[in-house]
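Structural features, examined
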Amino acid sequence: MTTKKRREIRYTNAREVANKHTTMERGAIALPDEFSLYKIDKGGVRRIDILPYVIDKGHESPGGNPYAQSGFVHYERTYWTHRSPGDGGKHYACLQRTFGEACPVCRWLEKNRSDPRQVELVAALRAKERQLFNVIDREDDPDGSKMEVKVWEYSQFLFGKALDAKLKAADDEDGYERFYYLEGGMTLRVSFDEESMGSNPFYKAVSIDMKGRKDYPDELLEKASTLERRLKAM
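We now turn to the structure provided with this report. (Residues numbered from 1 in each chain as written. Predicted model: local features only at pLDDT ≥ 70, side-chain atom pairs only at ≥ 80, totals over all residues. Heavy atoms only, no water.)

Here we come to the overall build of the protein. Of regular secondary structure, the protein possesses six helices and ten strands. By residue count, 47% of the 234 residues in the protein fall in the buried class. Element-wise, carbon and sulfur atoms account for 47% of the exposed surface of the protein, whose accessible area totals about 12,400 Å². (Helix = DSSP H or I, 4+ residues; strand = E, 2+ residues; numbered from the N terminus. Buried < 20%, exposed > 50% of the residue type's maximum accessible area, 1.4 Å probe, protein only. Areas by Shrake-Rupley, 256 points an atom, 1.4 Å probe, with all protein chains shown as cover.)

Sheet topology note: the strand 9 (residues 186–197)/strand 10 (residues 200–212) ladder contains twelve bridges and is antiparallel. Considered in strand 10, the bridge of glutamate 194 is made with tyrosine 203. As consecutive antiparallel partners, strand 9 and strand 10 are separated by two residues, and within that stretch glycine 198 has a phi angle of approximately 70°, a positive value. (Pairing = 2+ DSSP bridges.)

As a further point, take the packing of aromatic side chains. What characterises a pair of aromatic rings is the spacing of the ring centres plus the angle enclosed by the ring planes. Using the criterion set out here, one finds twelve aromatic pairs in the structure. Aromatic pair tyrosine 11 and tyrosine 181: ring centres 3.6 Å apart, planes at 10°, arrangement stacked. A relative accessible area of 14% places tyrosine 181 in the buried class. With a centroid separation of 5.3 Å and an interplanar angle of 90°, the aromatic rings of tyrosine 180 and tyrosine 181 are classed as edge-to-face. The same class applies to tyrosine 180 and to tyrosine 181, which are both buried. Ring pairs connect the aromatic residues Tyr38, Phe133, Trp152, Tyr154, Phe159 and Phe192, which therefore count as one cluster. Above the ring of phenylalanine 72, the side-chain terminus of arginine 10 is found at 4.4 Å from the ring centroid. (Phe/Tyr/Trp six-rings, centres within 6.5 Å; stacked < 30°, edge-to-face > 60°. Lys NZ or Arg CZ within 6 Å of the ring centre and 35° of its normal.)

Here it is, written out as structure tokens:
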């Protein structure tokens, strides 16, 4: 009996990304019909598999992925948004930090950041860091057999910061940096606490456990969304 040879996949180093990740809400993304959005809308424990996707040619930074080069597979796309206080709280991609282009909001902030009359507006418009992931919801798909890939868009402060801390604190033998690999990957058991700002609730990851899971086939890599393509300018 012959064993099917797996394709050669060049993974990025998740622990190196965690160490490089700089910390600075849903808005500046567009999903095609074949992808649904993964949501965290209550506190408690969620189990998810974060999947790799291919950084294709033409999607390196700037305007691509600041933590990965084309030809490698990676697990997230960091981007930044400005929240418009006068537009129902909608979020728009920061053109400068996300695409390396001139950003009128950043220009206004630079001009007015020292103006005492604009303190509240300056604070509201500052760029916030967010992330995109390809995930399989293990609550909806306990054994991962359906392999339905969803796109998860979330605040880096509310989840990515805890993930980075988990990777940075790990010992080499833990192998946590392989959590998103198709082969030898891990399911994330994430505990979210409900917090609030005024009358608006939000959900913050307070602990992450990683447990070994079954291997996914190489074909799943083709189903994952190229996250750079999900971002849209103002």
